[in-house]
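A closer look at the structure
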Amino acid sequence: MDRKSHWERIYETRQPTGVSWYQPRLLRSLELILACAPPLGARMIDVGGGASTLVDDLLTLGFHKLAVLDISRAAIAGARARLGPRADTVQWIEADVTQAVLPACGFDLWHDRAVFHFLTQAEDRNRYRGLLAGTLAPGGHAVIATFGPGGPERCSGLEIVRYDLPGLARELGPAFETVEGRTETHRTPSGTPQEFVYGLFRRR
Ligand SMILES: C[S@@+](CC[C@H](N)C(=O)[O-])C[C@H]1O[C@@H](n2cnc3c(N)ncnc32)[C@H](O)[C@@H]1O
């Protein structure tokens, strides 16, 4: 099954609150985003946002230049339906992050929780890195979360790559400096602990 079909099937058959990565609110992500002290007009993109409520919280905080990119049409439809009329102020992009075309220097903040770690092929990671570097304005920030070294080896039935903070920084390359990192023990809806590593990086 190809990547897109996999994710469409997940979102068509599972409740958003039942998937292993579900969190009612992405609090660790919010902490790191707010640590950058972005102005309310900061242009932010949530890559692989899925059905997460990060966009809801960012809108509530007053951020108003938001985009959500996801490979799954069903995920985007679910998030839009949840937001109701507030969804109309968000730019929704149905695309594979390894193929997407985004405006150069078009964003000040890039968020990715549990997407980069699915890129097991170096070629895909190179494309991701190229898109990130080209899309973030100089001085912009990226918050990227993956499974940590003690985390699971698979997610959603797919192989993943686990990272520690220096490993994640190495993947992003010299165009990014590490600002800070945090770990989180995420509990899946069934109560299984999963180690996540969060990195906050700054585009030089
Ligand atoms: C594990 S979920 C995480 C969702 C969300 N970030 C969260 O923390 O709740 C991974 C998400 O990335 C999306 N995704 C997976 N591969 C992708 C790709 N190559 N390009 C864009 N989105 C992708 C999936 O559809 C899914 O919504």
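All of these numbers come straight from a predicted model, not from anything done at the bench. (Residues numbered from 1 in each chain as written. Predicted model: local features only at pLDDT ≥ 70, side-chain atom pairs only at ≥ 80, totals over all residues. Heavy atoms only, no water.)

1. Things to note about the overall build of the chain
Counting secondary structure elements, the chain contains 6 helices and 9 strands. At 16 Å, the chain has a C-alpha radius of gyration in line with the 17 Å of a compact globule built from 204 residues. For the chain, the C-alpha atoms occupy an extent of roughly 40 × 40 × 30 Å along the three principal directions. Here the chain holds 204 residues, and the buried ones make up 51% of them. Taking contacts inside the chain between residues at least 6 apart in sequence as the whole, the part at least 24 apart equals 70%. (Helix = DSSP H or I, 4+ residues; strand = E, 2+ residues; numbered from the N terminus. Rg over C-alpha atoms; globule rule 2.2 N^0.38 Å. Buried < 20%, exposed > 50% of the residue type's maximum accessible area, 1.4 Å probe, protein only. Contact = heavy atoms within 4.5 Å.)

2. Regarding the UniProt feature "domain: Methyltransferase" (unreviewed entry) in the chain
As recorded in UniProt, the sites labelled "domain: Methyltransferase" (unreviewed entry) are residues 45–140. When the span residues 45–140 is considered, its composition is 34% helix and 26% strand, and the gap between its end C-alpha atoms is 12 Å. (UniProt positions renumbered as here; feature names shortened; annotations may be inferred.)

3. Some details on the site of the ligand
Around the ligand, a shell composed of 20 residues is seen, among which Y11, G48, D70, V97 and R113 lie nearest. Y11 places a side-chain nitrogen or oxygen 2.6 Å from an oxygen atom of the ligand. In the environment of the ligand, a nitrogen atom lies 2.8 Å from a nitrogen or oxygen atom belonging to the backbone of G48. Relative to its free-state accessible area of 590 Å², the ligand is covered by the protein chains to the extent of 98%. (Near = heavy atom within 4 Å. Polar contact = N/O pair within 3.5 Å; in protein donor to acceptor, adjacent residues only side chain to side chain. Areas by Shrake-Rupley, 256 points an atom, 1.4 Å probe, with all protein chains shown as cover.)

4. Some words on helix α5 (residues 122–135)
With 14 residues, α5 extends 20 Å between its outermost C-alpha atoms, agreeing within 8% with the 20 Å of an ideal straight helix rising 1.5 Å per residue. Looking at the packing, one finds that the buried side of α5 touches α1 (3–13), β4 (107–113), β5 (136–147), α6 (165–172), β8 (176–187) and β9 (193–203). (Expected span 1.5 Å × (residues − 1).)

5. Structural notes on the sheet that holds β9
Here we have 7 strands laid out as an open sheet, ordered β3-β2-β1-β4-β5-β9-β8, and mixed in their pairing. With partners counted over all chains shown, the strands left at the sheet margins are β3 (91–94) and β8, one partner each. Direction aside, the axes of adjacent strands within the sheet are offset by 15 degrees on average. Direction of pairing for strand β1 (residues 43–47) relative to β4: parallel, over a ladder of 3 bridges. For M44, the partnering residue across the bridge sits in β4 and is L109. Across the sheet, helix α4 (residues 73–83) is in contact with β2 (65–70) and β3; its angle to β3 comes to roughly 160 degrees. Sheet contacts for α5: β4, β5, β8 and β9; angle to β5, the most-contacted strand, approximately 145 degrees. (Pairing = 2+ DSSP bridges. Axes fitted to C-alpha atoms, helices over the stretch in contact; angles between N-to-C directions.)

6. Things to note about the packing of aromatic side chains
A complete count under the given rule lists 7 aromatic pairs for this structure. Relative to F118, the ring of W7 has its centre 5.1 Å away and its plane inclined at 75 degrees; by these criteria the two rings are edge-to-face. Taken together, the residues span a long stretch of sequence, with W7 in helix α1 and F118 in the loop between β4 and α5 at a distance of 111 residues. Across the pair, F118 and W7 agree in class, each one buried. Centroid distance F147 to F196: 5.0 Å. Interplanar angle 75 degrees. Geometry classified as edge-to-face. Here the residue F147 occupies a position in strand β5, and F196 occupies one in strand β9, the gap between them amounting to 49 residues. (Phe/Tyr/Trp six-rings, centres within 6.5 Å; stacked < 30°, edge-to-face > 60°.)

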